[in-house]
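Given next are the chains, with one letter for each unit.
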Amino acid sequence: MGENDVIRVLIAEDDPIQRELLCDAMKMERDIVCCGQARDGVEALEVLLREEPDVLLLDIVMPNMDGVDLLYELQELSPAKRPRIIAISAFGQEHIAQTVLAQGADWFLLKPYRFDLLFHRIRILVNQDQDLPVRNIVPDKMISNAVMELGIPTNSLGYSYLVQALTILHAHQGVCLLGKDVYAVIAGPNRTTAQCVEKALRKAIRQVFEADSDALHRILRMGGVEQAKHLSNGRFLTLMAEAIWQKEY
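Draft legend 1. Inspection of the overall build of the protein chain at higher detail. Looking only at helices and strands, the protein chain has 11 helices and five strands in total. Counting every position in the protein chain, which comprises 249 residues, the buried fraction comes to 49%. Here the analysis covers contacts within the protein chain between residues at least 6 apart in sequence; of these, 65% occur between residues at least 24 apart. Entry remark: accessible area of the protein chain is about 12300 Å², with carbon and sulfur atoms responsible for 51%.

Draft legend 2. Expanded view of the nonpolar core. Residues V147, L150, L162, L166, F236 and M240 are the most contacted members of the largest nonpolar core, which totals 40 residues. By residue number, the principal contributor to this core is helix α7 (residues 157–171), which donates eight residues. Look past the residues within four positions of F236 in its chain and what remains in contact with it is L150, L162, I205, V208, F209, L216 and L231.

Draft legend 3. Fine view of the environment of A228. Mapped onto the fold, A228 is located in the loop between α10 (214–222) and α11 (233–246). Given a relative accessible area of 22%, A228 falls into the partly exposed group. A C-alpha to C-alpha distance of 9.6 Å links A228 and H217, two positions 11 residues apart in sequence.

Draft legend 4. Molecular detail of the pairing of strand β3 (residues 55–59). For β3, a buried count of five out of five residues is recorded, marking the element as mostly surrounded by other parts of the structure. Here β3 shows no split at all, with V55, L57 and D59 on one side and L56 and L58 on the other all buried. As defined by bridge partners, strand β1 (residues 7–12) adjoins β3 across four bridges and the pair is classed as parallel. Across the sheet, residue V9 finds its bridge partner in β3, namely V55. The sheet contact formed by β3 and strand β4 (residues 84–89) spans five bridges and is parallel. Residue pairing in the sheet places L58 in a bridge with A87 of β4. Handedness of the crossover joining β3 and β4 through helix α3 (residues 67–77) is recorded here as right-handed.

Draft legend 5. Up close: the pairing of β1. With respect to burial, β1 is a largely interior element, five of its six residues being buried. Two strands pair when backbone bridges link them, and β1 and strand β2 (residues 32–38) are joined in this way by six bridges, in the parallel orientation. Bridge pairing in β2 links I7 to I32. Between the parallel elements β1 and β2, the chain passes through helix α1 (residues 16–26) in a crossover that is right-handed.

Draft legend 6. Spotlight on α1. Among the residues of α1, those classed as buried are Q18, R19, L22, C23, A25 and M26. On an axial view of α1, the arc spanned by its buried residues comes to 160 degrees, and they lie on one face. Measuring from the backbone nitrogen of I17 back to the side-chain oxygen at the start of α1 gives 3.0 Å, which picks out D15 as the cap.

Draft legend 7. Examining the packing of α7 against helix α9 (residues 194–211) more closely. Following both chains from N to C, one finds α7 and α9 inclined at 105 degrees, their axes separated by 9 Å at the closest point. When the interaxial angle is binned, α7 and α9 end up roughly perpendicular. Every residue of α9 that contacts α7 at L157, G158, Y161, L162 and A165 is listed here: V197, A200, L201 and A204. Residue classes in the contact of α7 with α9 are distributed as eight nonpolar, one polar and no charged.

Draft legend 8. Broad picture of unusual backbone geometry. You will see that E52, though not glycine, has its phi angle at about 50 degrees, which is positive. Residue placement: E52 occurs in the loop between α2 (41–51) and β3.

Draft legend 9. Seen up close, the sheet that holds β2. Taken together, the five strands give an open sheet; going across it, the order is β2-β1-β3-β4-β5, and neighbouring strands pair in parallel fashion. What marks the edges here is a single partner per strand, and that holds for β2 and β5 (107–110). On average, adjacent strands in this sheet sit at an angle of 25 degrees to one another, irrespective of strand direction. Contacting β3 and β4, α3 crosses the sheet at an angle of about 140 degrees to β3.

Draft legend 10. Highlighting the pattern of salt bridges. Summed over all chains, the structure comprises 13 salt bridges. Taking the shortest distance from any N to any O, the salt bridge between K27 and D24 comes out at 3.6 Å. We classify D24 as partly exposed; its relative accessible area is 39%. Here R123 makes a salt bridge to D31, at a shortest N to O gap of 2.8 Å. Pair noted here: R123 is in helix α5 (residues 115–129) and D31 is in the loop between α1 and β2, with a separation of 92 residues, a long-range link. Among the charged side chains, a salt-bridge network with shared partners connects R8, R50 and E51.

Definitions and cut-offs
- By convention here, each chain's residues receive numbers from 1 onward along its written sequence.
- Residue-level local features of this predicted model are given only where pLDDT is at least 70; pairs of side-chain atoms are given and counted only at 80 or more, and the full residue set underlies all totals for whole chains, interfaces and linings.
- Heavy atoms throughout the structure, all of them, feed into the side-chain values; hydrogens and water do not.
- For helices the rule is a DSSP run of H or I covering at least 4 residues; for strands it is a run of E covering at least 2, with both sets numbered from the N terminus onward.
- Here's how the labels work: a residue is buried when its accessible area is under 20% of the maximum for its type, exposed when over 50%, partly exposed in between, all with a 1.4 Å probe on protein chains only.
- Only heavy atoms enter the contact rule, under which two residues are in contact if any of them lie within 4.5 Å.
- Surface exposure here means Shrake-Rupley accessible area, sampled with a 1.4 Å probe, where a residue is shielded only by the protein chains that are shown.
- Joining through side-chain atoms within 4.5 Å is the link that ties buried Ala, Val, Leu, Ile, Met, Phe, Trp, Tyr and Cys residues into a set, and such a set is a nonpolar core.
- A pair of strands is labelled paired if DSSP reports no fewer than 2 bridges between them.
- By convention, a crossover is right-handed whenever its connection, traced from the first strand over the helix to the second and viewed with the strands pointing away, goes clockwise.
- What the arc measures is the spread of directions leading from the helix axis to the C-beta atoms.
- Pairs of N or O atoms within 3.5 Å make up the polar contacts considered here, provided that, within protein, one atom can donate a hydrogen while the other can accept it, and that residues adjacent in sequence are counted only when both atoms are side-chain atoms.
- Angles run from 0 to 180 degrees between N-to-C directions of axes, and those axes are lines fitted to C-alpha atoms, restricted for helices to the stretch in contact.
- Reported orientations rely on four angle classes, namely roughly parallel under 35 degrees, roughly antiparallel over 145, roughly perpendicular from 65 to 115, and oblique for the rest.
- Lys, Arg, Asp and Glu make up the charged group, whereas Ala, Val, Leu, Ile, Met, Phe, Trp, Tyr, Cys and Pro make up the nonpolar group; the residues left over, Gly among them, are polar.
- The term salt bridge refers to a pairing of a side-chain nitrogen on Lys or Arg with a carboxyl oxygen on Asp or Glu at a separation within 4 Å.

What follows is the structure, encoded as structure tokens:
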């Protein structure tokens, strides 16, 4: 943490409008400040080594040096103070998330996103560094009820897998890989394959959108994607987990 318990954030983003929007939003937060901006990975590395921020918001697609290459550089350099890193991308393919998390990112965030949820995640990551409690345990009943509100029959395979997937996401603080940490973990005790789990969850999420419940619209509004007609497994599960979590506070 920085002086007076202020979280210092470096924004690495090639879009100047997005950079300014983020900086302006941080000015409204009592405990989060922008300590620097960078237009590409090369500039981000220079500012990072000079300013030693607490958190790096890292856009993956940037000119000169992209976000993935910057993560490689940080692994090689091993700076004295390594910031918490939130990797941001408009592309939600699993292999992108796998790459950035494997290269040291602490969180993977899809565009578009809400600033309040981003700042909430920043506080969580910094609190983890301080060994402070960052989350109450979400009761299994809360997760089950949340899935029921989406209109999924409780006796369906999709209901069971959604509950299990959300439970795993909460146990991992949301930072995990779907294939390895969610699908495969669910598959084992259910005597099936990760591919079958992925397919069942995809079908269940389609059913959620067909049911068109108020609960679904609350989740979509929270994620800033209210007009979406469908979401990928990863995007939906992440938003759902955040929605359940928000009810705790």
